[in-house]
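# Per-entry structural report
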Amino acid sequence: MSYRGCDMGHLSSMLNGLARSLTLRKGRDSGGRETAEAMAKEAKKNDLLLRSSGTVNVTGSDNLASVFSKRGEKGVNQDCFIVWEEFGCQEDMMFCGIFDGHGPWGHFVAKRVRKTMPSTLLCNWQETLAEASIDPDLDLDSDNKHHRVNIWKNSYMKTCAAVDQDLGRHRKIDSFHSGTTALTIVRQGELLVVANVGDSRAVLATTSDDGSLVPIQLTVDFKPNLPQEAERITRCKGRVFCLDDEPGVHRVWLPNEESPGLAMSRAFGDYCVKDFGLISVPEVIQRHITGKDQFVVLATDGVWDVVSNQEAVQIVSSIPDKAKSAKRLVEHAARAWKRKRRGVAMDDISAICLFFHSSPSSSEFHPVTKL
C-alpha cells in the first residue's frame, strides 16, 4: 500500500489503532469508527475531502471530481454529498457519495448517513480484508478480481445494515417518517464498485467502437412499481399505488393509511414502513475501468426526472473545463424543470461528475476547490 496526504506519524497510530480494534472486537467497538473518523478529519485538513460544491483534483491522481448542488422549491436543500480522495489514506482509492433526504427530518438524516457511511465502510472493509487474509484458500496477492469484489460487497452489506441501525438509535434525529437514499462508489485502482439504496442514479460515459460517447446506466432506480420491489412490498402488507393527481408516480403506503407515500422502495430511515417492504439493502455492482471509460455521473432524481442519460453525458462531455461540469449539468436540469414540469415544485438537484483519466501534467498540488 502507498500513502500520500496523511501525516505519517498520525497515520501509523491510526492504522495500528484500527487494526487492534478490528482484531479484538471485529470492528464493532467505537475505537474502529473513531479511528476512521479521525482519518476523515485528516483528509479534510489536507484538502482531500469535500462536502460542499466544488472540485477535488490531486496531482498524481487519475481522479477529478466536480460537485454541485442546487436547492429546489420545497424548502431546505435535503441533498448532500461527499468526495473523499485517498479514501482511508490509501493512494489508489476514492469514495464518492450522494444522498437525497426526504420527510421533515430528511436533511438531518442525509447528513447523518453521509457522516457514518464512509467510516463504517472503511471499518468493515478492513475487517473483511483481515478475515480474508487468514483464509488458507484465498490468495489476496494474486489480485483475484472476484475476491476483491466480494470483499467490497460483503463490506457494503454490513455497512448499510449498521448505518440504518445507527439512525434508529439516534436520539436527536427522528427518522420514523424521514429518510434518505444513498448512492456511493469506491474507485480502487481500475475497479469501480457502485452501491445503491434508493432512486438516485449512476451513469457511465464510455467510448464506443465508432468513437462516440455513449451512456451506460450502472444502477437501478428503485421505484416501488418495479416488479421485484412491488412484490416484496405487497408480500409485507404494504401497498403501492399512484394518487389521482400524480399519475405515473408510484408510492409506498401503509396497509391502512394513506401515509407515508414514499416514491422509492429502498431507503435509510423511514421506520414507519420498514416492516411493510421498505429495505435499506444496497444493490452492489462492479466494473473494471478501461481506457474507453471516461467519467461517471452520480445524481439525485432531481436531475434524472428531467434529463436523459444521453443528455447528461453530452452536457458533461461538452464542457472544456471539467471542474464546471457538475454545475453545468445541474443548471441545465433546473432549466428543464421549468420547461417540462410547469406547476410542479422543482426538486433539489445535485450531481457528482468523476473523471477517470484526469491526472494533471504539472507537479503542482491541486487540492479541494470550493465554489
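Residues numbered from 1 in each chain as written. Predicted model: local features only at pLDDT ≥ 70, side-chain atom pairs only at ≥ 80, totals over all residues. Heavy atoms only, no water.

Attention now moves to the overall build of the chain. Across its full length, the chain holds eight helices and 18 strands. Sorting the 371 residues of the chain into buried and exposed places 53% on the buried side. Taking the contacts inside the chain whose residues are at least 6 apart along the sequence as the reference set, 70% of them involve residues at least 24 apart. On the chain, roughly 16,400 Å² of surface is accessible, and the fraction owed to carbon and sulfur atoms is 50%. (Helix = DSSP H or I, 4+ residues; strand = E, 2+ residues; numbered from the N terminus. Buried < 20%, exposed > 50% of the residue type's maximum accessible area, 1.4 Å probe, protein only. Contact = heavy atoms within 4.5 Å. Areas by Shrake-Rupley, 256 points an atom, 1.4 Å probe, with all protein chains shown as cover.)

Moving on to the environment of S61. Mapped onto the elements, S61 comes out in the loop between β2 (54-56) and β3 (64-70). Judged by relative accessible area, S61 falls into the buried class, the value being 5%. Taking the C-alpha atoms as reference points, S61 and M94, 33 residues apart in sequence, are found 9.8 Å from one another. A polar atom in the side chain of S61 sits 3.0 Å from the backbone nitrogen of N63. Within the structure, the side chain of S61 is placed 2.7 Å from the side chain of E85, a separation counted as a polar contact. (Polar contact = N/O pair within 3.5 Å; in protein donor to acceptor, adjacent residues only side chain to side chain.)

As a further point, take the side chain of D79. Mapping D79 onto the fold places it in strand β4 (residues 79-85). At 9.5 Å, K74 is the nearest oppositely charged side chain to D79, a buried residue that forms no salt bridge. Looking at D79, its side chain comes within polar contact range of the side chain of T300, at 3.2 Å. Contacts of D79, omitting those with residues within four sequence positions, involve S69, F99, D100, T300, D348, I349 and S350. (Lys, Arg positive; Asp, Glu negative; His and termini not counted. Salt bridge = Lys/Arg side-chain N within 4 Å of Asp/Glu carboxyl O.)

When the charged atoms of two side chains with opposite charge come close together, those side chains can pair. If you walk through the whole model with that rule in mind, you get 14 salt bridges. A salt bridge links K292 to D209, with the shortest nitrogen-to-oxygen separation between them at 3.1 Å. Here D209 lies in the loop between β9 (201-207) and β10 (213-217) and K292 lies in the loop between β15 (283-288) and β16 (293-299), a separation of 83 residues in the sequence. Note on K292: relative accessible area 41%, which makes it partly exposed. Among the charged side chains, a salt-bridge network with shared partners connects E127, E131 and K158.

This paragraph deals with helix α5 (residues 227-235). The complete set of buried residues in α5 reads E229, A230, R232 and I233. The arc enclosing the buried residues of α5, seen along the axis, measures out at 160°, which places them on a common side. Across α5 from its buried face, at more than 90 degrees, point the exposed residues P227, E231 and R235. Structurally, α5 contributes buried residues whose contacts are with β11 (239-241) and β12 (251-253). Two residues or fewer after α5 comes K237, characterised by a positive phi angle close to 75°. (Arc of directions from axis to C-beta.)

A cis amide bond links S259 with the next residue in sequence, P260, at an omega value of -5°. If you trace the backbone, P260 turns up in strand β13 (residues 260-262). Even without being glycine, K237 reaches a positive phi, approximately 75°. When you line up the elements, K237 lands in the loop between α5 and β11. K237 gets classed as exposed once you look at its relative accessible area, which sits at 59%.

Right, let's get into the environment of V186. Assignment of secondary structure puts V186 in strand β7 (residues 182-188). Residues V186 and C96, spaced 90 residues apart in sequence, show a C-alpha to C-alpha distance of 6.6 Å. Ignoring any residue separated from it by four or fewer positions in sequence, one finds V186 in contact with M94, F95, L121, W152, Y156, L191, L192 and V193.

Within a pair of aromatic rings, the relevant descriptors are the distance that separates the centres and the angle that separates the planes. The tally for this structure, following the rule as stated, stands at six aromatic pairs. Both rings, one in F295 and one in F355, keep their centres 5.3 Å apart while their planes meet at 55°; by these two values the pair is tilted. Of this pair, F295 sits in strand β16 while F355 sits in strand β17 (residues 349-355), placing them 60 residues apart in sequence. One aromatic cluster is present, formed by W84, F87 and F95 through successive ring pairs. Across the ring face of F222, the terminal group of R266 is positioned such that the distance to the ring centre comes to 3.9 Å. (Phe/Tyr/Trp six-rings, centres within 6.5 Å; stacked < 30°, edge-to-face > 60°. Lys NZ or Arg CZ within 6 Å of the ring centre and 35° of its normal.)

A volume near 890 Å³ is recorded for the largest pocket. For the lining of the largest pocket, the secondary-structure elements that each account for two or more residues are β5 (93-102) and β13. Partitioning the lining of the largest pocket into residue classes produces 10 nonpolar, 10 polar and 12 charged. (1 Å grid on protein atoms, 1.4 Å probe; cavity = no way out; pocket = protein on both sides within 12 Å on 5 of 7 lines; lining within 4 Å. Points joined across faces, edges and corners; volume = space filled by probe spheres on them. Nonpolar A, V, L, I, M, F, W, Y, C, P; charged D, E, K, R; others polar.)

Turning to the sheet that holds β12, a few remarks are in order. Spatially, β11-β12-β13 is the arrangement adopted by the three strands of the open sheet, whose pairing is antiparallel. The open sheet is flanked by β11 and β13, the only strands paired with a single partner. Each strand axis lies, on average, 35° off the axis of its neighbour in the sheet, ignoring direction. (Pairing = 2+ DSSP bridges. Axes fitted to C-alpha atoms, helices over the stretch in contact; angles between N-to-C directions.)

Attention now goes to helix α3 (residues 106-133). For α3, which comprises 28 residues, the first-to-last C-alpha distance of 39 Å matches the rise-based estimate of 40 Å (1.5 Å per residue) to within 8%. M117 marks the point of greatest bend in α3, at about 25°, and the proline P118 comes within the next four residues. Burial runs high along α3: 22 of the 28 residues are buried. (Expected span 1.5 Å × (residues − 1). Bend = angle between axes of the 7 residues up to and from the residue.)

Another aspect to go through is the side chain of N124. The topology assignment puts N124 in helix α3. One polar contact links N124 to T159, side chain to side chain, over a distance of 3.0 Å. Excluding residues that lie within four positions of it along the chain, N124 makes contacts with S155, K158 and T159.

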